[in-house]
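# Per-entry structural report
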Amino acid sequence: MSRFYITTAIDYANGDPHLGHAYEKVGADVIARWRRLRGDQVWFLIGMDEHGQKVAQTAADRGLSPQALTDLVAERFQAMWRILGISHDQFIRTTAEAHKKGVQELIELIFQRNPDDFYEKSYAGNYCVGCESFKAEAEIVDGKCVLHPTRTLEWVEERNWFFRLSRYQQFLEKLFADRPDFLGPESRRNEILGLLKEGLEDISASRSRFSWGVPFPRPTSDGEQQSTYVWFDALPNYWTGTRVPGVGSAWPAQLHVVGKDITRFHCVIWPAMLESAGLQLPEKVWAHGFIYLGGERFSKSAGVKLELSEAIERFGPDPFRFYLIREVPWETDGNFSWERFAELYNAELANGLGNLASRVLAMVEKYREGVVPSGTLATLEDAGDRAVEQYAARMDGLDLKGGIEAALGLVSEANLAIQHAAPWALAKDPAKGGELDQVLGGLCRALVRLALMFSPVMPVKAQELWTALGQAGEVSKTPWSRAAAPEVAGSRVTKPEGLFPRPEPGVKS
Ligand code: MSP
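Description of the structure in this document. Within every chain, residues take consecutive numbers counted from 1 along the sequence as written. Confidence filtering applies because this is a predicted model: local features only for residues at pLDDT of at least 70, side-chain atom pairs given and counted only at 80 or more, and all residues used for totals across whole chains, interfaces and linings. To get the side-chain values, all heavy atoms of the structure are used, and hydrogens and water are removed first.

### Thoughts on the overall build of the protein
In this description a helix means any DSSP run of H or I spanning at least four residues, a strand means any run of E spanning at least two, and both kinds are numbered starting from the N terminus. Assigned secondary structure in the protein consists of 17 helices and 17 strands. Rg of the C-alpha trace for the protein: 26 Å, near the compact-globule value of 23 Å for 509 residues, within the 12% margin. To sort residues, take the accessible area from a 1.4 Å probe on protein chains only and compare it with the maximum for the residue type: under 20% means buried, over 50% means exposed, and anything in between is partly exposed. Among the 509 residues that make up the protein, the fraction classed as buried is 57%. The contacts in the protein between residues at least 6 apart in sequence include a share of 78% that link residues at least 24 apart. Surface summary for the protein: the accessible area is close to 20700 Å², and the carbon and sulfur share equals 50%. When charges are counted, Lys and Arg are positive and Asp and Glu negative, with His and the chain ends excluded. Charged groups are reduced to one reference atom each: NZ for lysine, CZ for arginine, CG for aspartic acid, CD for glutamic acid. In the protein, 57 positive and 67 negative side-chain charges are present, and the distance between their average locations comes to 3 Å. Every radius of gyration here is taken over C-alpha atoms, with the globule rule written as 2.2 Å times N^0.38, N being the number of residues. The contact criterion used is simple: two residues touch if any of their non-hydrogen atoms lie within 4.5 Å. Per-residue and other accessible areas follow the Shrake-Rupley method at a 1.4 Å probe size, with only the shown protein chains counted as cover for residues.

Written out as structure tokens, the structure reads:
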């Protein structure tokens, strides 16, 4: 059994969860659930990034203390993750004492191992509160940060603790040369290689004026107590989380899942910090693409918004999870639209998987008194073997959309097999009883495989199908080897309520 410690980015606690947050958490959840299914010992960490200027400003605007705001927001995020069925094992908040202490310990490790890696320096530059980072000239267009054009850049002049990132130039070059799999997808890797080519500059590790953060463990030479720069506080959560007593994770992480906009922090600054502190690097970083609304980047400030709760209420949490993973490739960008949601729901869930399950189970009830006959259908056995193999390879390779497509391929094959065999005709001829057993048995075997393959993305619906197939226990706790040997003969089926009810939810005008 391999250990699989998976993390996501921790979300800024300055507003409600949005589609982008949901996309990332669902994607990571699908990976975590898949890994559990294939027998890994998984630990899944998510959480909130609660310090920094952005959070403090929002709190001030809302007349709340930063802690009161983050308590409120953290509760709203957790409520959303419950609705969406995110199966995290741990939820970290950067305002927790254990985390703050851990950050200070990490900084102390750096001071002890490489005392020169921190030094004091006066600095002036454009600070983007949206990114919580200083911006280079190339990242500024018309006086605004390219990622946050609705925010005003702040001109900041202060004397801070600096981290000698430039010292890790060669270390990082070697990391990317020696471990081509360290960062995926490939396109992101090229972006970081480009950055390294330009040469790394040292970065500020503390903020002077700003106090909503973890106290930097050492005062400056003039005795000022500064707070740790928010990224120096946030990145270590993946490590501090493992040090909480009783958790089942251990450093290093096998996979950090983050969005493409924060690749640089995870693939340049974080490895350098770890190396400087003498800690192991994570095995892999995956920087997924962005999901847009009608082709536009959305945010409160840009005025383009989708109420997550509306999308979930309209179609249900599982179809919403399905949509995100089926529609938006895990490595590139994608789009949300109601029209496309309805289209996929109808074609692939209601008419595809849902219709297949209800037809097969109804026929087993009608023609075999609800007991799955023993028998296999050669074409479906082959298609099933292929689908299961492809699915596993793609999921292991983090091609989540491809994994679902492999499962959907088996749905189509099974629906075709019904057309082809016309079981209703076979049922009329007593001499064809053996043939009918083969068809129904083969179809039920395909459904067993489908319940297993769909369980990471649609855990509730997959369980309904599993139970309807007369299978005991939880589909998600079933050994994956069952997908290769989907024995089901003799099980007593029941018809599910309608996995994906129709008429489909209306398309919003
Ligand atoms: N707090 C930092 C991360 C610190 S990790 C040590 C942060 N927070 S965030 O709330 O702005 O974003 C959280 C995650 O959501 C990031 O991985 C980000 O890339 C992702 N997304 C934000 N908008 C997104 C989309 N529109 N689409 C997909 N993911 C996006 O960054």
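### Side note on the packing of aromatic side chains
Geometry of aromatic contacts follows a simple scheme: Phe, Tyr and Trp rings, the Trp one being its six-membered ring, pair when their centres are within 6.5 Å, and the pair is stacked under 30 degrees between planes, edge-to-face over 60, tilted otherwise. Taken as a whole, this structure holds 34 aromatic pairs when the rule is applied. With a centroid separation of 5.4 Å and 85° between ring planes, the pair formed by Phe 336 and Trp 338 is classed as edge-to-face. We classify Trp 338 as buried; its relative accessible area is 12%. With a centroid separation of 6.3 Å and 90° between ring planes, the pair formed by Tyr 345 and Phe 500 is classed as edge-to-face. Taken together, the residues span a long stretch of sequence, with Tyr 345 in helix α12 (residues 338-368) and Phe 500 in the segment after α17 (459-468) at a distance of 155 residues.

### Let's talk about the nonpolar core
Ile 6, Phe 320, Phe 336, Leu 450, Phe 454 and Trp 480 are the most contacted members of the largest nonpolar core, which has 110 residues in total. Looking at this core element by element, the count peaks at 14 residues for α12. If we skip the residues at most four places from it in the chain, Phe 454 touches Phe 322, Leu 353, Ile 404, Ala 407, Leu 408, Val 411, Pro 459 and Ala 462. Leu 106, Ile 107, Val 156 and Ile 269 belong to the second largest nonpolar core, which has 58 residues in total. Grouping buried Ala, Val, Leu, Ile, Met, Phe, Trp, Tyr and Cys residues that are joined through side-chain atoms within 4.5 Å yields what is termed a nonpolar core.

### Examining the pattern of salt bridges
Opposite charge on two side chains allows them to pair when their charged atoms are near. Here, a salt bridge means any Lys or Arg side-chain nitrogen found within 4 Å of an Asp or Glu carboxyl oxygen. Evaluation of the coordinates by the stated rule reveals 37 salt bridges. Of the charged contacts, one joins Asp 29 and Arg 321 as a salt bridge, the two residues approaching to 2.6 Å between their closest N and O atoms. Of this pair, Asp 29 sits in helix α1 (residues 19-37) while Arg 321 sits in helix α11 (residues 317-327), and the two are 292 residues apart along the sequence. Here Asp 29 matches Arg 321 in class, with each residue buried. For Asp 40, the salt bridge goes to Arg 38, with nearest N and O atoms at 3.1 Å. What makes Arg 38 partly exposed here is its relative accessible area of 31%. Members of the salt-bridge network, linked through shared partners, are Glu 381, Asp 385, Arg 445, Arg 449 and Glu 487.

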